[in-house]
Amino acid sequence: QVQLVESGGGLVQPGGSLRLSCAASGSRFSIAVMGWYRQAPGKQRELVATITSGGFTNYADSVKGRFTISRDNAKNTVFLQMRSPKPEDTAVYFCYMVVSTGIDYWGQGTQVTVSS
């Protein structure tokens, strides 16, 4: 059974930092892309950042220069380093991955609240 387990969410002050982690397990296929989406109350889920197995990254304009996505291929783990978060970054953050067959999987989500 494929699982994505997120950790690291919580309350962070504006201008602080927070690191999210997501560990994938159970897939028989190689992982092509890993990444993060988020969904704020009353809004649609939106892309935050993605990273391929080769290290190519893609970021939403709203987080460029503040968030950094990285990946440990040996451990099937993806990270999201959040620096200088803003209140508008408050959302449930979802980890996701796409395996080599094209199937995607999602984590349960972790709440990130940016507030003083």
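Before reading on, note that the structure itself is shown above.
Below: a short report on this structure.

Once that is clear, we can look at the state of the cysteines. In total, this model carries 1 disulfide according to the counting rule given. Covalently, cysteine 22 is tied to cysteine 95 through a disulfide, its sulfur atoms 2.0 Å apart. Torsion about the S-S bond of the cysteine 22 and cysteine 95 cystine: about -80°, corresponding to left-handed handedness. Of this pair, cysteine 22 sits in strand 3 (residues 17-25) while cysteine 95 sits in strand 9 (residues 91-99), placing them 73 residues apart in sequence. Neither residue differs from the other here; cysteine 22 and cysteine 95 are each classed as buried.

Turning our attention to the pattern of salt bridges. Opposite charge on two side chains makes pairing possible when the charged atoms of those side chains draw close. Summed over the entire model, instances satisfying the criterion amount to 4 salt bridges. Salt-bridge contacts for arginine 38 lead to glutamate 46; the nearest nitrogen and oxygen are separated by 2.7 Å. On the basis of relative accessible area, glutamate 46 is assigned to the partly exposed category, the value being 36%. We note a salt bridge from arginine 38 to aspartate 89, for which the minimum N-O separation is 2.9 Å. Here arginine 38 is found in strand 4 (residues 31-39), whereas its partner aspartate 89 is found in the loop between strand 8 (77-83) and strand 9, with 51 residues between them in sequence.

On the basis of which strands lie adjacent, the open sheet formed by 4 strands has the order 1-3-8-7 and antiparallel pairing. Of all the strands in the sheet, the pair left with one neighbour each is strand 1 (3-7) and strand 7 (67-72). In this sheet, neighbouring strand axes are inclined to one another by 15° on average, regardless of whether the strands run parallel or antiparallel.

Our focus in this paragraph is the packing of aromatic side chains. Under the definition given, this model contains 3 aromatic pairs. Seen from their ring centres, tyrosine 37 and tyrosine 96 are 5.2 Å apart, and the 85° between their planes marks the pair as edge-to-face. Pair noted here: tyrosine 37 is in strand 4 and tyrosine 96 is in strand 9, with a separation of 59 residues, a long-range link. Tyrosine 37 sits in the partly exposed class, given a relative accessible area of 21%. Among the aromatic residues, ring-to-ring pairing joins Tyr37, Tyr96 and Trp106 into one connected group. The residue whose ring lies beneath arginine 19 is phenylalanine 79, and the NZ or CZ to ring-centre distance is 4.1 Å.

As a further point, take the nonpolar core. Within the largest apolar cluster, 28 residues are counted, with the highest numbers of intra-cluster contacts made by Trp36, Leu80 and Tyr93. Contributing elements (two or more residues each) for this core: strand 3, strand 4, strand 5 (46-52), strand 7, strand 8, strand 9 and strand 11 (110-114). With 5 residues, strand 9 is the largest single contributor of residues to this core.

So, about unusual backbone geometry. Despite not being glycine, asparagine 76 shows a phi value in the positive range, around 50°. Note that asparagine 76 resides in the loop between strand 7 and strand 8. A positive phi angle, near 50°, is found at serine 84, a position not held by glycine. Looking at the element boundaries, serine 84 is found in the loop between strand 8 and strand 9. Judged by relative accessible area, which is 39%, serine 84 ranks as partly exposed.

Criteria and cut-off values
Residues numbered from 1 in each chain as written. Predicted model: local features only at pLDDT ≥ 70, side-chain atom pairs only at ≥ 80, totals over all residues. Heavy atoms only, no water. Disulfide = S-S within 2.5 Å. Helix = DSSP H or I, 4+ residues; strand = E, 2+ residues; numbered from the N terminus. Buried < 20%, exposed > 50% of the residue type's maximum accessible area, 1.4 Å probe, protein only. Salt bridge = Lys/Arg side-chain N within 4 Å of Asp/Glu carboxyl O. Pairing = 2+ DSSP bridges. Axes fitted to C-alpha atoms, helices over the stretch in contact; angles between N-to-C directions. Phe/Tyr/Trp six-rings, centres within 6.5 Å; stacked < 30°, edge-to-face > 60°. Lys NZ or Arg CZ within 6 Å of the ring centre and 35° of its normal. Core = buried A, V, L, I, M, F, W, Y, C linked by side-chain atoms within 4.5 Å.

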